[in-house]
Amino acid sequence: MTPEYPPLPEPLPVAVYDNHTHLEPSGDAPPGRPETLLDVHEHLERAASVGVAGAVQVGTDVATSRWSAELAAREPRLLAAVALHPNEAPELEASGSLDEAIAVIDALAAQPRVRAVGETGLDFFRTEEPGRPAQFRSFEAHIDIAKRHGIAMQIHDRDAHDDVVATLRRVGAPERTVFHCYSGGVDLARIAAAEGWYCSFAGNVTFKNAENLRESLRVLPRELILVETDAPYLTPVPLRGRPNAPYLVPHTVRFMAETLGAPLDEFCAQLASNTLAVYGSWEDDPVQGAITTTTGDAE
């Protein structure tokens, strides 16, 4: 039986943004992703009702990146991030199509409501040594795309902290670099603080065994902290085991504010300010009805 979405939380006193979510229909989602039961409109209506003003819809391959860019072009409550997930890179390299796929991401990144390249980075949890050169090549190409287009970059970093940092330092990080779903410890948080890189916390910061995330949160400058869902994953306590969604951001925000001993309204205002500094305004008018939301493969 598919788990039901949780009830609406208490609204936040100041509106914030979910800076990383996946709202694509389950038929377009990568294998293993939980089924998305709500349509995008319902997701965004629920979010708005509890003080989540907008979200960044994130692509992980050519199809979902196109879908994200097309949807953000029509939907004023969404911006888009486009990229090839690091675990996609070895398969694309093996098929000889990595360069073609990177070229599609480059073209999508030029669209006005695509405000980030992501999620890109390194994942040594699922990709073993033979596939890692392709991940590095893809990561460096995505860094270049973000810098050339002057937009932010969202990093997927799993079991690869040292190599991610070394790569960013070697080739030069984009001006606005975000560690999506921050998974490091205090040492990485201090590096991020020194470099001016943002750290985005998801619902796993509320998990009992995530003291490393809470310690990292405490050492970061408030102006470098963001919040996300990574929906439909990482549903915060006390709702684990049920699907995640942008409207559940208030649970994570309240937990983070309590962890920092920060007044909730001030912390929400800081999160909103940080998010706008990274991605720009959601207020730019989308092109109403100009395109469809059909997904597709690289041309």
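Residues numbered from 1 in each chain as written. Predicted model: local features only at pLDDT ≥ 70, side-chain atom pairs only at ≥ 80, totals over all residues. Heavy atoms only, no water.

**Q** Explanation requested: the environment of glycine 121 in the structure shown.
**A** Turning to its location among the elements, glycine 121 is positioned in strand E4 (residues 114–123). Residue classification places glycine 121 among the buried positions, given a relative accessible area of 1%. In this structure the C-alpha to C-alpha distance between glycine 121 and glutamine 154, which are 33 residues apart in sequence, comes to 8.2 Å. Non-local contacts of glycine 121, meaning those with residues more than four positions away in its chain, are made with Pro86, Gln135, Phe139, Ile155 and His156. (Helix = DSSP H or I, 4+ residues; strand = E, 2+ residues; numbered from the N terminus. Buried < 20%, exposed > 50% of the residue type's maximum accessible area, 1.4 Å probe, protein only. Contact = heavy atoms within 4.5 Å.)

**Q** Would you explain helix H5 (residues 132–149) in this entry?
**A** In an α-helix, one turn spans 3.6 residues; hence positions three or four apart end up facing the same way. Over its 18 residues, H5 extends 26 Å from the first C-alpha to the last, a length consistent with the 26 Å expected when each residue adds 1.5 Å. Among the residues of H5, Arg132, Ala134, Gln135, Ser138, Phe139, His142, Ile143, Ile145 and Ala146 are the ones counted as buried. With its phi angle positive at about 65°, glycine 150 sits one or two positions after the end of H5. (Expected span 1.5 Å × (residues − 1).)

**Q** Quick question: what am I supposed to make of the sheet that holds strand E5 (residues 152–158) here?
**A** Picture the strands of a sheet paired through backbone hydrogen bonds; they go either parallel or antiparallel. Taken in spatial order, the eight strands of this open sheet run E1-E2-E3-E4-E5-E6-E7-E8, and their pairing is parallel. Looking at strand neighbours, the two that pair on one side only are strand E1 (16–21) and strand E8 (225–227), the edges of this open sheet. For this sheet, the mean angle separating the axes of adjacent strands, direction not counted, is 30°. Inspection of the sheet shows strand E3 (residues 78–82) paired to E4 by three bridges, in the parallel sense. Of the residues in E4, the one forming a bridge with alanine 81 is alanine 116. Of the strands in this sheet, E4 and E5 touch H5, which is tilted by about 160° from E4. On top of the sheet, helix H10 (residues 264–279) reaches E1, strand E2 (52–58), E3, E4, E5, strand E6 (177–179), strand E7 (198–201) and E8; it is set at about 95° to E8, its chief contact. (Pairing = 2+ DSSP bridges. Axes fitted to C-alpha atoms, helices over the stretch in contact; angles between N-to-C directions.)

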